[in-house]
Amino acid sequence: MQLDDDDLPIGHVLSRRDAVRLFALGGAAVLVGCKPGSGASGATSEAAGVSVPNARVLPACVARPELTVGPYFLDQQLNRADIRTDPGTNAMKEGAPLMLTFNVQQIASGRCSPLPDAMVDVWQCDAQGQYSGVNDRMVGFNTVGQKFLRGYQVTDAGGVAKFLTVYPGWYQGRAVHIHFKIRTPAQGAQGAQGAQGAQAAPASPAGQAYEFTSQLFFDEALTDQVHAQAPYASKGQRTLRNERDGIFRQAGETLVLATTKAGQGYEATFDVGLDLSDTKVGAPDRGRGPGGPPGGRRRPPEGG
């Protein structure tokens, strides 16, 4: 069964011109990658590779799209940095270790600054393409009761949240990816607190919690190298690459992790900035659909 549209996209990649126009109007429905503490003077588009001489209201950022939450998000409230294990059994998922760092920024007055006390959730499949905590009869796995490769961290005073995970595997209909969600101020976290001394994170101007959901992708050549090794190789050759994934095409290269070798594993840092004035993007994901293909060709997994 073909599942090319496993997740439906929300939002789009803005051109530099569109971003300048939207920020000039006081807010843009985008996620942006920021250089911490950077201002707008002499800003250059990494995506377009051109200078914008009069973009004084725009930080030195690259616009990125919001993408659907998909069918596998479970608000498990697992406050942990190492998400490789199942907390019930302590069994650790096999795979190449990946240290994933989020630098979370907020956009205000045309600048990026650290966003403390934001709740960053991460969830992904394992080396065999399975998510924990769901019964997916279409794909063919039942992991109800398990909680591997899920967790959240609250950003510290510098807006940083770190996770130790594994390089994800693949499943039919999707390119290799990791899901993430950012909520500010940290909502629904039982006892979740920011770093000691961190100032309270702002909510949206309407006083509501801000929520942003998207996905991270990987360089194809690197994935080929990783998936040629155990335990990934036992699943066989993946059936869908980035360029044929409908979600990736909405994001382009703007959500591809810059991943480098680190010891026996890999590490990657992702800089993200949130425009908290954009209440449309910052609305909760509820009501946006299960993230399956159009026409109801796929029923959401139980528990998803």
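Residues numbered from 1 in each chain as written. Predicted model: local features only at pLDDT ≥ 70, side-chain atom pairs only at ≥ 80, totals over all residues. Heavy atoms only, no water.

A. Structural view of the packing of aromatic side chains. Tallied over the full model, the rule gives twelve aromatic pairs. On the basis of an interplanar angle of 10° and a centroid distance of 4.1 Å, the ring pair of tyrosine 72 and tyrosine 131 is categorised as stacked. Taken together, the residues span a long stretch of sequence, with tyrosine 72 in the loop between β2 (61-64) and β3 (97-108) and tyrosine 131 in the loop between β5 (119-123) and β6 (135-136) at a distance of 59 residues. The lysine or arginine in question, lysine 93, covers the ring of phenylalanine 148, its NZ or CZ lying 4.2 Å from the ring centre. Geometry around tyrosine 266 places lysine 261 over its ring, the cationic atom sitting 4.6 Å from the centre. (Phe/Tyr/Trp six-rings, centres within 6.5 Å; stacked < 30°, edge-to-face > 60°. Helix = DSSP H or I, 4+ residues; strand = E, 2+ residues; numbered from the N terminus. Lys NZ or Arg CZ within 6 Å of the ring centre and 35° of its normal.)

B. Geometry of the pattern of salt bridges. Enumeration over the complete set of coordinates arrives at ten salt bridges. The partner of arginine 183 in a salt bridge is aspartate 75, with the nearest N and O atoms 2.9 Å apart. Taken together, the residues arginine 183 in strand β10 (residues 177-184) and aspartate 75 in the loop between β2 and β3 connect sequence positions 108 residues apart. Note on aspartate 75: relative accessible area 36%, which makes it partly exposed. The partner of aspartate 224 in a salt bridge is arginine 241, with the nearest N and O atoms 2.9 Å apart. In this pair, aspartate 224 is assigned in helix α2 (residues 220-227) and arginine 241 in the loop between α2 and α3 (246-251), connecting sequence segments 17 residues apart. Judged by relative accessible area, which is 28%, arginine 241 ranks as partly exposed. (Salt bridge = Lys/Arg side-chain N within 4 Å of Asp/Glu carboxyl O. Buried < 20%, exposed > 50% of the residue type's maximum accessible area, 1.4 Å probe, protein only.)

C. View of empty space enclosed by the protein. Tallying each qualifying case throughout the model produces three cavities of 30 Å³ or more. Lining the largest cavity, in full, are Phe73, Leu74, Gln76, Gln77, Leu78, Asp121, Val122, Trp123, Arg150 and Gly151. Of all elements in the fold, only β5 and β8 (150-154) reach the threshold of two or more residues within the lining of the largest cavity. Among the elements that line the lining of the largest cavity, the one with the most residues is β5, at three residues. Classifying every residue of the lining of the largest cavity gives five nonpolar, three polar and two charged. (1 Å grid on protein atoms, 1.4 Å probe; cavity = no way out; pocket = protein on both sides within 12 Å on 5 of 7 lines; lining within 4 Å. Points joined across faces, edges and corners; volume = space filled by probe spheres on them. Nonpolar A, V, L, I, M, F, W, Y, C, P; charged D, E, K, R; others polar.)

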